[in-house]
Amino acid sequence: ALCALGCAASAGSLDSTSSKVKSCATACATTDPEWEEFKKAYRKHYIDDADEHERYQLFLESKERVASLNKLNEAAGNAFGLNWMSDRKPEEKFKKGLAKRKADFKPTAPVREWTNVRSPSSINWRDTEAVTAIKNQGQCGSCWAFSATEAIESQLVLTTGGKLAIDLSPQHIASCTTTCYGCNGGFTEDAYDYVKSVAGLANSFYIPYNQSLTEVTDTMACPADKVAQIDGEYQTLQGGFAAVSGYHYAVPACTSGACDTQDLKGFAAALETTPVSVCVNAGD
């Protein structure tokens, strides 16, 4: 940090293209072993010394943020850490799916009654096959489609006793759910309603994820012909799919405002029975 401050002070008094500024930036980065380890771990390469210096400052900010968050969550241990995006600018990070609800939206799905409490009454779903592998949405605000897809994967594992663990297609939902906005956001209820209206949710081999992981692009068009053939004559060639018959809310839905009166005990009870899909207000 002291080296970074020294570089910043030097840079302020020199031409930004001078070799002195570049050498100072390089010196700052190379004297920090954590930075060197970070670059090695994530195979980082930069345009020039000035670019590396800027990325190093972002890295330091990320370290400070991680330390602050871990201090706030001491009971959970070091839940936060650095990752491959710790040197990225805000506009380079994952796009949020900040969609707006339709004006006439009403949460009409029933609230499920959780009567089959587990014994023991605690389970970490991440340690089971019911929570499937993490996927990468890239620069597309399709979090809602990923959440719905992975919730369906979980139910497929649970309802078949682990016999069917299929990697399903978030691209299918993001591209074909016309009541949502694709890479510009959406909601899981619309995703489930869409999948109910067709044969089912395709696997990720049949309809792969084609949104860019590094650049903001338009939502890929719905592959309507493929969707029509999910249970068609080539079903045995394209692989499995998941049919969805319906969905329930774990607790009464909150679709606007601070949602500070939600039933957290009911939410905990639901989690004793099944993984659930949640929406998080990530606006501020």
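Structure's up top.
Residues numbered from 1 in each chain as written. Predicted model: local features only at pLDDT ≥ 70, side-chain atom pairs only at ≥ 80, totals over all residues. Heavy atoms only, no water.

A word on the pattern of salt bridges. Taken as a whole and judged by the stated rule, the model has eleven salt bridges. One salt bridge in this structure joins Lys135 and Glu150, with 3.9 Å as the shortest N-O distance. Within this pair, whereas Lys135 is found in the loop between α4 (49-72) and α5 (143-159), its partner Glu150 is found in helix α5, the two being separated by 15 residues in sequence. Salt bridges here are not isolated pairs; linked through shared partners, they connect Lys135, Glu150, Glu153 and Asp167. (Salt bridge = Lys/Arg side-chain N within 4 Å of Asp/Glu carboxyl O. Helix = DSSP H or I, 4+ residues; strand = E, 2+ residues; numbered from the N terminus.)

Before going further, it helps to spend a moment on a nonpolar patch on the surface. A cluster of nonpolar residues, Tyr42, Trp84 and Phe94, forms a patch on the protein surface that exposes about 250 Å² of accessible area. As for its placement among the helices and strands, Phe94 is situated in the loop between α4 and α5. (Patch = residues over 30% accessible without salt bridge, like charges linked within 9 Å, V, L, I, M, F, W, Y side chains within 5 Å. Areas by Shrake-Rupley, 256 points an atom, 1.4 Å probe, with all protein chains shown as cover.)

The subject of this paragraph is the packing of aromatic side chains. Applying the stated criterion across every chain yields a total of ten aromatic pairs. Centroid distance Tyr247 to Tyr249: 6.4 Å. Interplanar angle 85°. Geometry classified as edge-to-face. Since its relative accessible area comes to 17%, Tyr247 is described here as buried. You can call Tyr249 buried: its relative accessible area is 11%. Joined through ring pairs, the aromatic side chains of Trp35, Phe38, Tyr42, Tyr46, Tyr56 and Phe59 make up one cluster. Cation over ring: Arg101 sits above Phe187, and NZ or CZ is 3.6 Å from the ring centre. Above the ring of Tyr206, the side-chain terminus of Lys226 is found at 5.3 Å from the ring centroid. (Phe/Tyr/Trp six-rings, centres within 6.5 Å; stacked < 30°, edge-to-face > 60°. Buried < 20%, exposed > 50% of the residue type's maximum accessible area, 1.4 Å probe, protein only. Lys NZ or Arg CZ within 6 Å of the ring centre and 35° of its normal.)

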